[in-house]
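One letter stands for each residue in the lines below.
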Amino acid sequence: MDFMLWRRFERTLIIIILLLAGTGTHWLQAQEIVTTDTVAFNAETSLQEVFPIPEKEIHSPHKATFYSAILPGLGQAYNKKYWKIPIIYGVIGSMTYAIHFNTTNYTKYKNAYRDFLIGDPGNKSYIEVIPPTLTVEQVEGQYAQWFEEALENKKEYYRRYRDLSYIIMAGIYVLNLIDATVDAHFYDFDVSDDLSMRVHPVIMEPTPFSQKNIGIQLSFNF
């Protein structure tokens with residue numbers, strides 16, 4: 001009985017060994033195919049083709065100009081020149097104040113000049129701009145000609161500087177566009193730190209008119 005059990009166990013063990021041997025052979029064949037494919041892949045395909053390096057995005061001057069046209073200083077932010085933004089808005093704020101100041105005074109003196117010429121007793125806005133040393137009776141009497149000319153000169157003065165402030169404001173806007181465009185053009189410009197000059201002697205080849213000469217050669221490295 002024990003012998004029969006041993007024979008059955010022996011046959012079962014042989015079948016298991018054969019199955020394992022077949023499975024191992026199949027796995028080795030598959031590994032050989034994968035290895036062959038990998039070798040062929042390495043031989044025919046470069047790593048750069050499989051994992052291409054993304055190209056560096058080119059900095060666009062058109063975008064910088066467009067951004068600055070929409071909002072002054074936005075193109076400078078696109079160019080990463082953040083320190084220019086406070087300067088731009090500082091100048092814009094100053095010119096905005098100048099426009100408001102000159103417009104307010106121009107309107108005041110224009111109305112005063114108009115009311116003084118009309119002479120309507122119910123509209124005497126010029127009283128607000130009479131010098132402290134004069135009275136209403138004086139400017140309407142003996143100093144009337146002088147006061148009229150003073151009002152006209154003040155009106156023209158503030159009108160001229162109001163218009164000039166508008167022109168400067170437009171110029172600032174244009175300069176903001178130009179600055180953003182130029183900075184964007186030079187954004188990708190490679191400025192190497194290795195800038196040097198070498199001076200060394202050199203023997204120049206003879207010519208029909210002279211023998212060998214010794215000179216100095218300058219070499220610039222960028």
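Residues numbered from 1 in each chain as written. Predicted model: local features only at pLDDT ≥ 70, side-chain atom pairs only at ≥ 80, totals over all residues. Heavy atoms only, no water.

1. As for the pattern of salt bridges
By the definition in use, this model includes nine salt bridges. Between Arg114 and Asp115 there is a salt bridge; the shortest N-O distance is 3.3 Å. Judged by its relative accessible area of 44%, Arg114 falls in the partly exposed class. Relative accessible area serves as the criterion here: at 7%, Asp115 is assigned to the buried category. (Salt bridge = Lys/Arg side-chain N within 4 Å of Asp/Glu carboxyl O. Buried < 20%, exposed > 50% of the residue type's maximum accessible area, 1.4 Å probe, protein only.)

2. So, a nonpolar patch on the surface
Taken together, Tyr173, Val174, Leu175, Ile178, Val182, Phe186 and Phe189 make up a surface patch of nonpolar side chains, about 700 Å² in accessible area. A residue is classified by how much of its surface remains accessible, and Tyr173, at 34% relative accessible area, is partly exposed. (Patch = residues over 30% accessible without salt bridge, like charges linked within 9 Å, V, L, I, M, F, W, Y side chains within 5 Å. Areas by Shrake-Rupley, 256 points an atom, 1.4 Å probe, with all protein chains shown as cover.)

3. Re the packing of aromatic side chains
All chains considered together, the criterion is met by eleven aromatic pairs. Ring geometry for Phe116 and Tyr126: centres 5.1 Å apart, planes at 90 degrees, overall edge-to-face. In this pair, Phe116 sits in helix H5 (residues 84–118) while Tyr126 sits in the loop between H5 and helix H6 (136–140), placing the two residues ten residues apart along the sequence. Here the aromatic rings of Phe116 and Phe147 are separated by 5.2 Å at their centres, their planes lie at 75 degrees, and the arrangement is edge-to-face. Of this pair, Phe116 sits in helix H5 while Phe147 sits in helix H7 (residues 144–185), and the two are 31 residues apart along the sequence. Across this residue pair, the class does not change: Phe116 and Phe147 are buried. Lying over the aromatic face of Tyr106, Arg162 brings its terminal NZ or CZ to 4.8 Å of the ring centre. (Phe/Tyr/Trp six-rings, centres within 6.5 Å; stacked < 30°, edge-to-face > 60°. Helix = DSSP H or I, 4+ residues; strand = E, 2+ residues; numbered from the N terminus. Lys NZ or Arg CZ within 6 Å of the ring centre and 35° of its normal.)

4. What about H5?
Relative to the 51 Å expected for 35 residues at 1.5 Å per residue, H5 spans 51 Å between its end C-alpha atoms, a close match to the ideal helical length. Just downstream of H5, Gly119 is the residue with a positive phi angle, here 75 degrees. (Expected span 1.5 Å × (residues − 1).)

5. So, the packing of H5 against H7
Remark: H5 packs on H7, axes separated minimally by 8 Å, with the N-to-C direction vectors making an angle of 160 degrees. For the element pair H5 / H7, the angle class is roughly antiparallel. The element H5 and its partner H7 pack so that their crossing is left-handed. Class assignment for the residues of the contact of H5 with H7 results in 22 nonpolar, six polar and ten charged. (Axes fitted to C-alpha atoms, helices over the stretch in contact; angles between N-to-C directions. Parallel < 35°, antiparallel > 145°, perpendicular 65-115°, else oblique. Left-handed = near helix turned anticlockwise from the far one by under 90°. Nonpolar A, V, L, I, M, F, W, Y, C, P; charged D, E, K, R; others polar.)

6. Comments concerning the side chain of Asp183
Tracing the chain through its elements places Asp183 in helix H7. A relative accessible area of 15% places Asp183 in the buried class. Excluding residues within four positions of it along the chain, Asp183 makes contact with Asn79, Lys81 and Lys84. (Contact = heavy atoms within 4.5 Å.)

7. Some remarks on the nonpolar core
Grouped together as the largest cluster of nonpolar side chains are 14 residues, with contacts concentrated most on Phe116, Tyr126, Val129, Ile130, Phe147 and Leu151. Looking at this core, the elements that each hand over two or more residues are H5 and H7. In terms of residue count, the dominant contributor to this core is H5 (five residues). Aside from chain neighbours lying at most four places away, what touches Ile130 is Thr135, Val136, Val139 and Phe147. Core analysis: the second largest hydrophobic core is formed by seven residues, Ile92, Ala98, Met169 and Ile172 among them. (Core = buried A, V, L, I, M, F, W, Y, C linked by side-chain atoms within 4.5 Å.)

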